[in-house]
Amino acid sequence: MALIVVIALELIVAVQPLVFIVALPTGFLIGWYAGVRSERRRPWWRVLLNGLYAGLVTALGLAVLYVALRLLFVYADSGYRDGSQGGPLQCSSGPDCSYHRYLAAGQGPILVTAGVHDAASFEAWFLQGQVQGGLGLVAITLGGALIGAIYWGIRPERPAAGDDASAQPGSRSGS
């Protein structure tokens, strides 16, 4: 599930904030599904533990994939731009090119406000952001998983097929 979310929203649609928006419903679904698969409603601590465990595995997968892809784009940046954007950037591959790419996109004032003034400080700033983003994804997904597990636990049980006495052959309901 985490792989699909990250690939679809970070690579195909290419809108990274969507990964954070979808993390809560993703966690909810996995927390709820853990209850469905275990068919356990009591004791409560087991219901919550199942949901949180499934949520943690999903959250870690989501965070690792998200951060790994972001790091790949920074550390593999060669400075290439097509001719419509002014041609290639004059930089060393990696964070230096990403730093120059941010500057070329008009993000210089934002970087200066963050204390970024060269490639080394850009790299430190970027890595700090990725740690915070990964931890944020874990927290959001775990929160959703907890809500999903609670929802599973408080939902009334549906009677299994054949539990109704009137549905059994040979019953004398109505006599």
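Bear in mind the structure is a predicted one, so any value in this text is a computation, not a measurement.

Before going further, it helps to spend a moment on the side chain of Asp96. You can see Asp96 is positioned in helix H4 (residues 95-104). As a buried residue without a salt bridge, Asp96 has its nearest oppositely charged side chain in Arg101, at a separation of 11 Å. Those residues in contact with Asp96, other than ones at most four positions away along the chain, are Cys91 and Ala119.

In total, this model carries seven aromatic pairs according to the counting rule given. A centroid spacing of 5.7 Å and a plane angle of 45° characterise the contact between Phe28 and Tyr151, whose relative ring orientation is tilted. Within this pair, whereas Phe28 is found in helix H2 (residues 17-38), its partner Tyr151 is found in helix H6 (residues 119-154), the two being separated by 123 residues in sequence. A relative accessible area of 27% places Phe28 in the partly exposed class. The class of Tyr151 is partly exposed, set by a relative accessible area of 38%. The interplanar angle of 65° and the centroid separation of 5.0 Å between the aromatic rings of Tyr102 and Phe122 together place this pair among those described as edge-to-face. On the criterion of sequence distance, the pair formed by Tyr102 in helix H4 and Phe122 in helix H6 is long-range, its members being 20 residues apart. By relative accessible area, which is 26% here, Tyr102 ends up partly exposed. Judged by relative accessible area, Phe122 falls into the buried class, the value being 0%. Taken together through their ring pairs, the aromatic side chains of Tyr99, Tyr102, Phe122, Trp125 and Phe126 make up a single cluster.

Let us now look at the side chain of Thr58. Of note, Thr58 is situated in helix H3 (residues 44-75). Looking at Thr58, its side chain comes within polar contact range of the main-chain oxygen of Ala54, at 2.9 Å.

All right, on to the packing of H4 against H6 then. Interaxial distance between H4 and H6 falls to 9 Å at its minimum, and their mutual angle equals 90°. With respect to H6, the axis of H4 lies roughly perpendicular. Two secondary-structure elements touch here, H4 through Pro95, Asp96, Ser98, Tyr99 and Tyr102 and H6 through Ala119, Phe122, Glu123, Trp125 and Phe126. Partitioned by chemical class, the residues of the contact of H4 with H6 number seven nonpolar, one polar and two charged.

The rules we used
Residues numbered from 1 in each chain as written. Predicted model: local features only at pLDDT ≥ 70, side-chain atom pairs only at ≥ 80, totals over all residues. Heavy atoms only, no water. Helix = DSSP H or I, 4+ residues; strand = E, 2+ residues; numbered from the N terminus. Buried < 20%, exposed > 50% of the residue type's maximum accessible area, 1.4 Å probe, protein only. Lys, Arg positive; Asp, Glu negative; His and termini not counted. Salt bridge = Lys/Arg side-chain N within 4 Å of Asp/Glu carboxyl O. Contact = heavy atoms within 4.5 Å. Phe/Tyr/Trp six-rings, centres within 6.5 Å; stacked < 30°, edge-to-face > 60°. Polar contact = N/O pair within 3.5 Å; in protein donor to acceptor, adjacent residues only side chain to side chain. Axes fitted to C-alpha atoms, helices over the stretch in contact; angles between N-to-C directions. Parallel < 35°, antiparallel > 145°, perpendicular 65-115°, else oblique. Nonpolar A, V, L, I, M, F, W, Y, C, P; charged D, E, K, R; others polar.

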